[in-house]
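Chains, contacts and geometry: an overview
For reference, the chains in residue letters:
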Amino acid sequence: MCLSIPSKVVKIDTELNIATVDTMGVQRTAGLDLMEEGSVKIGDYVLLHIGFIMNKIDEEDAMESLRVYQEILEKLDEEDRRQLVLDDDNCANREVL
């Protein structure tokens with residue numbers, strides 16, 4: 001299962017049409033092809049799907065979602081956390097970019 005965790009845009013490369021996003025401390029690149037040109041700015045919170053930014057979300061909603069994800073992570077034991085990371089890293093849809 002692929003989760004769409006709110007991610008904060010930290011850098012934008014207009015030439016490559018990609019953004020660098022921070023997802024709970026992990027940075028990765030995401031395509032901007034699904035968004036209207038210029039609609040995503042540094043500091044925006046976004047949701048990703050298969051390596052592309054699919055929409056922006058309100059900062060308050062992003063913070064609430066991140067708080068809930070953090071609560072879930074705190075309740076998992078170390079092995080469950082490790083498995084979630086492996087499952088996410090091996091998501092079949094992630095290899096699009």
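That block above? That's the structure.
Residues numbered from 1 in each chain as written. Predicted model: local features only at pLDDT ≥ 70, side-chain atom pairs only at ≥ 80, totals over all residues. Heavy atoms only, no water.

A contiguous patch of negative charge on the surface is contributed by Asp58, Glu59, Glu60 and Asp61. In this fold, glutamate 60 is placed in helix H1 (residues 59–75). Given the relative accessible area of 64%, glutamate 60 is considered exposed. (Patch = residues over 30% accessible without salt bridge, like charges linked within 9 Å, V, L, I, M, F, W, Y side chains within 5 Å. Areas by Shrake-Rupley, 256 points an atom, 1.4 Å probe, with all protein chains shown as cover. Salt bridge = Lys/Arg side-chain N within 4 Å of Asp/Glu carboxyl O. Lys, Arg positive; Asp, Glu negative; His and termini not counted. Charge placed at Lys NZ, Arg CZ, Asp CG, Glu CD. Helix = DSSP H or I, 4+ residues; strand = E, 2+ residues; numbered from the N terminus. Buried < 20%, exposed > 50% of the residue type's maximum accessible area, 1.4 Å probe, protein only.)

With that out of the way, let us pick up the side chain of aspartate 44. As for its position among the elements, aspartate 44 is in the loop between strand S3 (26–31) and strand S4 (45–49). A polar side-chain atom of aspartate 44 sits 2.7 Å from the main-chain amide nitrogen of lysine 41. Aside from chain neighbours lying at most four places away, what touches aspartate 44 is Ser7, Lys8, Val9, Ser39 and Lys56. (Polar contact = N/O pair within 3.5 Å; in protein donor to acceptor, adjacent residues only side chain to side chain. Contact = heavy atoms within 4.5 Å.)

Let us now look at the layout of surface pockets. The space that makes up the second largest pocket amounts to roughly 180 Å³. In this structure, the second largest pocket is lined by Ile12, Thr14, Asn17, Leu32, Met35, Glu36, Glu37, Gly38, Ser39 and Val40. Residues belonging to the lining of the second largest pocket are distributed by class as follows: four nonpolar, four polar and two charged. (1 Å grid on protein atoms, 1.4 Å probe; cavity = no way out; pocket = protein on both sides within 12 Å on 5 of 7 lines; lining within 4 Å. Points joined across faces, edges and corners; volume = space filled by probe spheres on them. Nonpolar A, V, L, I, M, F, W, Y, C, P; charged D, E, K, R; others polar.)

Before going further, it helps to examine the side chain of threonine 23. Topologically, threonine 23 is positioned in strand S2 (residues 18–23). Within the structure, threonine 23 has its side chain in polar contact with the side chain of serine 7 (distance 2.5 Å).

Right, let's get into the nonpolar core. Residues Val9, Ala19, Val21, Ala30, Leu32, Met35, Val40, Val46, Leu48 and Ile53 constitute the largest nonpolar core, which totals ten residues. Elements with a contribution of two residues or more to this core: S2 and S4. Leaving out residues up to four positions away in the same chain, valine 9 has contacts with Ala19, Thr20, Val21, Val40, Lys41, Ile42, Gly43, Asp44 and Val46. (Core = buried A, V, L, I, M, F, W, Y, C linked by side-chain atoms within 4.5 Å.)

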